[in-house]
Amino acid sequence: MDIETFVRGLPKTDLHMHLEGSIEPELMIALAGRNSIPLRWDTADALRQAYQFDNLQSFLELYFEGCRVLVTQADFYDVTWAYLNRAHADGVVHAEMFIGPQSFTERDVPIEALLNGVLKAISDAQSAYGISAGLLISVHRHRSEAEAIAVLDQIEPWQNHVVGIGMGGAERGNPPSRFANFYQMARERGLRTCVHAGEEGPAAYVREAIEVLAVDRIDHGNACLDDPDLVVDLADRGIPLTVCPLSNLRLNVVTDMKWHPLRAMIDAGLNVTVNSDDPPYFGGYVTENLLACHEALDLSIEDIILLVRNGINAAFIAPGERSRLLAKLTNYAGAAVR
Ligand code: ADE
Ligand code: ZN
């Protein structure tokens, strides 16, 4: 079996992806037409050409522009359904998907349209393919903590269908500690917690994420390697890092895949997982991310299986489901190398 077939067939997780960042250019153009939203591009190819970024900020500008095409419940359904179809084709068996309501509610899109559309697609994909998916509500770190807390109140009627919360957006100058009360309140409401930290921001933000916010998972976390004591703490506590290699490459967090810290993270005993972030913008789903690392960093088959196992162990799922997925991985990996 060739490596690509092997990796695609692995029962994988995608624990760090943004539904707003999963809109393939063809769907973006279709949704813009359906909702009469003017776009700066007429064709999917022209749009794809625009996916060239200098840094996180230049990406976020396009990403927020793209959010405008999502208006109705059917739009949120279609985007979620399209992602889950692609994830299923990619061999993902469990996904955890961020969506940030503030991009939509600021334009008077009702929160009901967003949540009902996304949740219906999750349920339909589970029935159609057996893929499981959890919803993570993310807030924008470049807005205020009061606005983040307002999001918690808005989602309360759906709280049993939401797995956890996260935070993304412009990192530098917006340290995690600004959101201590928000994270505390989310935890008290029974939600799991994660935060983007150490993508463009410093190791100190990763430290704050675990010490001040006490999050269950760190999204990205690359910068932790600048602080050896922090690496030891993260490794000892087994705190998962949801790393997104192609995202890091396309946003110039690393200048070349061969300099990506994933290898060093594995060697330091960190609990690292590989994820897609915003797949069409960055050129790949989980399989492409793993293959890019395999090629550039000389990851072995055992390393790849470890990364996939870490993903299953880091997922916000019930113990029975975790055991089922781990057994599936063991079966697949055993059969493939036999
Ligand atoms: N929102 C979507 N992708 C993101 C990323 N890589 N960093 C911060 N916020 C994001
Ligand atoms: Zn992200």
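Residues numbered from 1 in each chain as written. Chains lettered and ligands numbered in written order. Predicted model: local features only at pLDDT ≥ 70, side-chain atom pairs only at ≥ 80, totals over all residues. Heavy atoms only, no water.

Draft legend 1. Structural context of the side chain of Glu 145. You can see Glu 145 is positioned in helix α8 (residues 145-154). Summary of buried charges: Glu 145 has no salt-bridge partner, and the nearest side chain of opposite charge, Arg 178, is 7.8 Å away. From its side chain, Glu 145 meets the backbone nitrogen of Ala 180 in a polar contact 3.3 Å long. Setting aside residues up to four positions removed in sequence, Glu 145 forms contacts with Arg 178, Phe 179, Ala 180, Asn 181 and Phe 182. (Helix = DSSP H or I, 4+ residues; strand = E, 2+ residues; numbered from the N terminus. Buried < 20%, exposed > 50% of the residue type's maximum accessible area, 1.4 Å probe, protein only. Lys, Arg positive; Asp, Glu negative; His and termini not counted. Salt bridge = Lys/Arg side-chain N within 4 Å of Asp/Glu carboxyl O. Polar contact = N/O pair within 3.5 Å; in protein donor to acceptor, adjacent residues only side chain to side chain. Contact = heavy atoms within 4.5 Å.)

Draft legend 2. Expanded view of the pattern of salt bridges. Tallying each qualifying case throughout the model produces 23 salt bridges. For the salt bridge of Asp 153 with Arg 189, the shortest nitrogen-to-oxygen distance reads 3.0 Å. Here Asp 153 is found in helix α8, whereas its partner Arg 189 is found in the loop between α9 (180-188) and β5 (192-197), with 36 residues between them in sequence. For Asp 153, a relative accessible area of 39% puts it in the partly exposed group. By relative accessible area, Arg 189 is classed as partly exposed at 24%. The salt bridge involving Arg 192 is made with Asp 216; its shortest N-O contact spans 3.1 Å. Taken together, the residues Arg 192 in strand β5 and Asp 216 in the loop between α10 (203-211) and β6 (217-220) connect sequence positions 24 residues apart. We classify Asp 216 as partly exposed; its relative accessible area is 27%.

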